[in-house]
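Coordinates in review
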Amino acid sequence: MMLKVMGREKGMNFMRRLGAQGVDLRNSFTLAVQGVASGEIPLGMNLYGTHTEEFKKKGAPVDWVPMEFVLTTVEPLAVSARAPHPNAARLFLDFLLSKEAQTILRDRSRISSRPDVPPDPPELTKGLKLIPTDLSLADQANDLAKEFRATFKGR
């Protein structure tokens, strides 16, 4: 998505310069925030703001600053064509999208799909240029992953 948003040439130039700085990639967003909070690594990039906020609430010496744009993930919901109880599944999806369920998810450090359930804190999305994932990139996932590993030297 960075290459799509920034443009391939500018994005690759950014990634190469970043990779040349000896970036230490972690296997999870939580491990990355833990590394920053403990002082093991000085800076985290591409972290979930919600994870950083969880650490802040526990007193960790971390904070986050948004880039000029923030990439967001799309998490689709669906009912299987062969669901044994399709109406129950539809009712469950309706519940998941309800204000009640979205509030529960927000209280568990997730950002709601609903505009009437603001994140905690609201700055996680307020005033930010949010760009959703382009699902058409899934077709290129393997090639993009190889290019990513090459750019960051197999890390």
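Located above this text is the structure these notes cover.
Since the model is a prediction, treat every value here as computed from it, not as a measurement.

This part takes up unusual backbone geometry. Following D120, the chain continues into P121 via a peptide bond in cis, with omega recorded as 0°. The backbone of S109 shows a phi angle near 65°, a positive value even though the residue is not glycine. Looking at the element boundaries, S109 is found in the loop between helix 6 (99-107) and strand 2 (130-132). A relative accessible area of 17% means that S109 is categorised as buried.

The next thing to look at is the environment of E100. Tracing the backbone shows E100 in helix 6. For the pair formed by E100 and P61, sequence separation is 39 residues and the distance between their alpha carbons is 32 Å.

Time to look at a nonpolar patch on the surface. A cluster of nonpolar side chains, namely F92, F95 and I104, defines an oily patch on the protein surface of about 270 Å² accessible area. Mapped onto the secondary structure, F95 falls in helix 5 (residues 86-96). According to the relative accessible area criterion, F95 is partly exposed, its value standing at 34%.

Take the environment of K99 next. Looking at the element boundaries, K99 is found in helix 6. We classify K99 as partly exposed; its relative accessible area is 44%. Sequence-distant contacts of K99, that is, excluding residues within four places in its chain, are made with R114, D116 and V117.

Next up on the list: the packing of aromatic side chains. Taken as a whole, this structure holds two aromatic pairs when the rule is applied. When the ring of F148 is compared with that of F152, the centres are 4.8 Å apart and the planes differ by 45°; the resulting orientation is tilted. Overall, F148 belongs to the partly exposed group, its relative accessible area being 39%. By relative accessible area, F152 is classed as buried at 3%.

For S38, the position within the fold is in helix 3 (residues 29-38). Given a relative accessible area of 53%, S38 falls into the exposed group. Residues S38 and A60, spaced 22 residues apart in sequence, show a C-alpha to C-alpha distance of 8.0 Å. Engagement of the side chain of S38 in a polar contact is seen with the backbone nitrogen of E40, the distance being 3.3 Å.

Reading guide: rules and limits
Residue numbers restart at each chain and count upward from 1, following the sequence in its written direction. Predicted model: local features are reported for residues with pLDDT of at least 70 only, side-chain atom pairs are reported and counted for 80 or more only, and whole-chain, interface and lining totals are derived from all residues. Only hydrogens and water are removed before side-chain values are computed, so all heavy atoms of the structure are retained for them. Only DSSP runs of H or I with at least four residues qualify as helices, and only runs of E with at least two residues qualify as strands; both kinds are numbered from the N terminus onward. Throughout this description, buried means an accessible area under 20% of the type-specific maximum (1.4 Å probe, protein chains only), exposed means over 50%, and partly exposed covers the range between. Exposure above 30% relative accessible area and no salt bridge define the residues that can form patches, which grow by joining like charges within 9 Å and nonpolar side chains of Val, Leu, Ile, Met, Phe, Trp and Tyr within 5 Å. Residue exposure ignores everything except the shown protein chains as possible cover, and the areas themselves are Shrake-Rupley values with a 1.4 Å probe. The term salt bridge refers to a pairing of a side-chain nitrogen on Lys or Arg with a carboxyl oxygen on Asp or Glu at a separation within 4 Å. Any two residues whose heavy atoms approach within 4.5 Å at even a single point are treated as in contact. Pairing of aromatic rings covers Phe, Tyr and the six-membered ring of Trp, with a centre-to-centre limit of 6.5 Å; geometry is then stacked below 30 degrees between planes, edge-to-face above 60, and tilted otherwise. Any pair of nitrogen or oxygen atoms within 3.5 Å is treated as a polar contact; in protein, a donor-acceptor pairing is required on top of that, and neighbouring residues in sequence qualify only through side-chain atoms on both sides.

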